[in-house]
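Here is what each chain is made of, one letter per residue.
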Amino acid sequence: MQPATESAQDKIQLVTTLQRWKPWLIGGAVLLIGLLLADALHGLAAEFSYANLVDAIRATPSSALAWAVAATAISYFALTGYDHSSLRYAGASVPYHVAAQTAFIAYALSNTIGLGVLTGGAVRMRFYSAAGIEAGLISRAIAFNAIAFGLGIAVVGAVALLWGANTVGPALHLPPIVLQAVAATVLIVAATLLVLCRDGREPLLFGRLRLRLPPASLALHQLLISAVDIGATAAVLWVLLPAGSIAFSAFVGFFAIAVVLGVLSHLPGGLGVFEAIMLLALKDHVPAESLAAALVLYRIIYYVLPLLLALALLVFLELQHGAGTAVSRAAVSLAPLLLAAYTIVIGVMLLISGVTPATDEATDLLALHVPLPLVEASHFLGSVAGLGLLTVARGMLLRLDAAWWAGLLIGIASILLCLPKGFALSEMALIACLVIALALSRKQFSRPASLLAQPFTGGWLLSVIAIVSALTGLLFFAYRDIDYTRQLWWQFEFDGHAPRSLRALVAVALLALALAMRQLLRFQTQPLPPVDATAIARAEQVVKAQDSAEACVALTGDKHFLFSQSGDAFVMYGRRGRSWVCLFDPVGPQSEWPELVWRFLELSRAQGGRASFYQVRPQTLPVYLDAGLRVFKLGEYASVPLADFSLKGKSRSVLRQAVNRGEREGLSVEVLDVAAVRTHIDELRAVSNAWLAEHRTAEKGFSLGSFTEDYVERTPVAVVRVGERLVAFATLMMTERKTEASVDLMRHLPDAPSGTMDFLFTKLLLHFQAQGFERFGLGMAPLSGMAEHPLAPGWHRVGRLLFSHGENFYNFRGLRSFKEKFAPEWEARYLAAPGGLAPLFVLADIAALISGGLKGVIAK
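Computed from a predicted model, the values in this text were never measured in an experiment.

**Some thoughts on the pattern of salt bridges**
Scanning the entire structure with this criterion turns up 26 salt bridges. Measuring nitrogen to oxygen at the nearest pair gives 3.0 Å for the salt bridge that ties Glu-427 to Lys-421. Measuring nitrogen to oxygen at the nearest pair gives 2.9 Å for the salt bridge that ties Arg-725 to Asp-751. Here Asp-751 lies in the loop between strand 11 (740-748) and helix 27 (756-770) and Arg-725 lies in strand 10 (residues 725-734), a separation of 26 residues in the sequence. On the basis of relative accessible area, Arg-725 is assigned to the partly exposed category, the value being 41%.

Structure representation (structure tokens):
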């Protein structure tokens, strides 16, 4: 087995290395593409001015705008088919209106922002979990969506290249025959896949991954949907171009190339990359100012308009009080995400308005009716409001009531500033939509917390830097005909647009710098207070009043507590390094869980930590997804339903034999109550010490109990005797609700009869069945149940490798096999943590918490 193990370890190391370098590789690629495109666009930007761009936008016919809106509607209708097809492929089913609603909101959100929690995947996980679909099936559907889009854009682009190669070739400096050959190859590959789908084959990828292809009918159906979607999306931009400037077939070829490179850039909607490629590709076919105007309108119609409609849909559902269904309630709960996304859009709009000149008509009206100091102040404050909304958007994601108030007040103030700033009626209308949506979504922001107390992530800081950099470039583009002099700073005139914009941009940059410095200097890790007996006693009362037996590990004394405001619920957690790890879901009434999750996140982030939740259940994943965390499967938890448990039947023969053999050898089981445990504590300690010595290990902690008198004497203990001699024991975990029972410490003497623990477990199942308990928990089997599908995430592939070849580290297969003897029901358990490399660091710190340090991990 050694060669296989070494091979598995090499693969795990390779995957880990790639994951570690992935952000840097993507960042480097984006930077390289940006530099190349900036160099290529340098000469093109000189061909038109900002005034030409504004004139071109105004000259766009109303009919073209109407056709663009119609094409957008067709595209988003086709996008709903992606979700319908992906769910069919995954083996899940929801009503079409649920899939359509989910797809529309997911694409509207991810197309516009597409960062962190604002992704289509997070939205789908939230919706489809509420519809009762397992997380693994949702992940499979999300992967199918991505592959279907990639295949669709490739096929549509290939067809367009075959048709328009003579037009596309010169722009790419490639012979048309080369483009046609590439396109034909893509179509042949697609046709081959369809043939494989028709034959029902499951080809091997890289010689080891079996690809389960969809049925041919589903594949053709999805290909048609992709063609309609991509064709309609391309038509949105094409109809906004001057009539007759380029044939649609050739345009689709350029469009497909730009979309693919935009996706590869990992920027939201390919922003900047897509526009740059289209400007370069079509410079010989469309006037630069007309193409730039079409691209601006395309972004507004295809990206901002659907986001606004999705927000209106959620507001409507809010007014309908969630319509009573789980899916509708899930939709309403997404209002803070959409409001955060729309707030970012409005903030960027105000910042752009601050660095661009007002129209001549507006300037003349201002000179007639508005005092100059008010014009200067409104322009300056409008830009500051834009930065303020970017800051507030972060708080909206956290559902802070302070963010709601700040967003509402800044929005109202911005509306008032629109008139003296330049009679910006369109800005006023868009901001009014934000204010109305906020006013109608008040109850979704119920978390009392300080807005400035929330730490900003590195991603947020980088985004602000990117926005300020882009605004600087826009400022120089808009005013490139004006020579810079020191006197510009002190020019205050109605037509002094350049000085006004320059002052506003510098103010925004300085405020952003101040926020960034505050963020960098704010983290001060404070020592955690020691856990006292009062806190443990308080937690014990909460544990007794709920259903989960595994919550009894809260009483071990090695974890800290964060109680809810009512004191009826808590989270238990440990800290190592920067990792703040909450064990299990919150304990107590579920209505108090979201607040505890948010407070724990705030507590950890306030000290520069990374918060995570270890071994959480599938039903609670939406709580963590709403908090911006990602979920990673850890394994499966086994529990035996006790209502119909018996030793009869062929499937129970192993257990029946264990009981019969144990009774022949004189084994007996007794459950000691808490009072009796105290009188037998010395015998129990002797068994425990012998077990530790035999296994050459030390006491564990955190998610496992350890043999301390304070802990062991709090709970009943099941003991196994041979005659009068105590040979094994298990500490029992249960609550007064009599819903679930389980065990924690399980130890036996080295010379205990073979099969003693099987005998003990079987007797305990019968004991708790007689006591009226509903189920018996057997604990988690780490890394079991990982998805074997080729589309499974890398996390699952690494987990499968460890499960199959990691016997040198842990007996994964043996533990699963032991629990299988009891024919349990399996339920997935997850780690909720930040993305990137954070889960790897968190798991390393969890292992250290359990083993008492890294030395304990290495030493077993």
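On we go.
**Examining the packing of aromatic side chains**
The final tally for this structure, using the stated rule, is 28 aromatic pairs. Taking 4.8 Å as the distance between ring centres and 25 degrees as the angle between the ring planes, the aromatic pair formed by Tyr-89 and Phe-144 counts as stacked. Of this pair, Tyr-89 sits in helix 3 (residues 62-90) while Phe-144 is found in helix 6 (residues 135-172), placing the two residues 55 residues apart along the sequence. Summarising the burial analysis for this pair, Tyr-89 and Phe-144 share the class buried. Ring geometry for Phe-818 and Phe-822: centres 5.7 Å apart, planes at 70 degrees, overall edge-to-face. Three or more aromatic residues link up through ring pairs in this structure, and these residues are Tyr-76, Phe-104, Phe-251, Phe-255, Phe-274, Tyr-298, Tyr-302 and Tyr-303. Above the ring of Tyr-303, the side-chain terminus of Arg-299 is found at 4.6 Å from the ring centroid. A cation over an aromatic ring shows up here: Arg-538 above the ring of Phe-563, its NZ or CZ 4.0 Å from the ring centre.

**A short note on the packing of helix 2 (residues 50-58) against helix 11 (residues 288-319)**
Across the interface, helix 2 lies against helix 11 with an axial gap of 8 Å and an inter-helix angle of 65 degrees. At the point where helix 2 passes helix 11, the crossing takes the right-handed sense. For the pair formed by helix 2 and helix 11, the contact residues are Asn-52, Leu-53, Ala-56 and Ile-57 on the first element and Glu-289, Ser-290, Ala-292, Ala-293, Val-296 and Leu-297 on the second. Of the residues in the contact of helix 2 with helix 11, the class split is 7 nonpolar, 2 polar and 1 charged.

**Some remarks on the environment of Ala-439**
Relative to the helices and strands, Ala-439 resides in helix 17 (residues 425-440). Classification of Ala-439 by relative accessible area gives partly exposed; the value is 44%. Once the C-alpha coordinates of Ala-439 and Trp-405 are considered, the two residues, 34 residues apart in sequence, prove to be 9.5 Å apart. Once residues lying within four places of it in the same chain are set aside, the contact partners of Ala-439 are Trp-404 and Leu-408.

Conventions we followed
- Residues numbered from 1 in each chain as written.
- Predicted model: local features only at pLDDT ≥ 70, side-chain atom pairs only at ≥ 80, totals over all residues.
- Heavy atoms only, no water.
- Salt bridge = Lys/Arg side-chain N within 4 Å of Asp/Glu carboxyl O.
- Helix = DSSP H or I, 4+ residues; strand = E, 2+ residues; numbered from the N terminus.
- Buried < 20%, exposed > 50% of the residue type's maximum accessible area, 1.4 Å probe, protein only.
- Phe/Tyr/Trp six-rings, centres within 6.5 Å; stacked < 30°, edge-to-face > 60°.
- Lys NZ or Arg CZ within 6 Å of the ring centre and 35° of its normal.
- Axes fitted to C-alpha atoms, helices over the stretch in contact; angles between N-to-C directions.
- Left-handed = near helix turned anticlockwise from the far one by under 90°.
- Contact = heavy atoms within 4.5 Å.
- Nonpolar A, V, L, I, M, F, W, Y, C, P; charged D, E, K, R; others polar.

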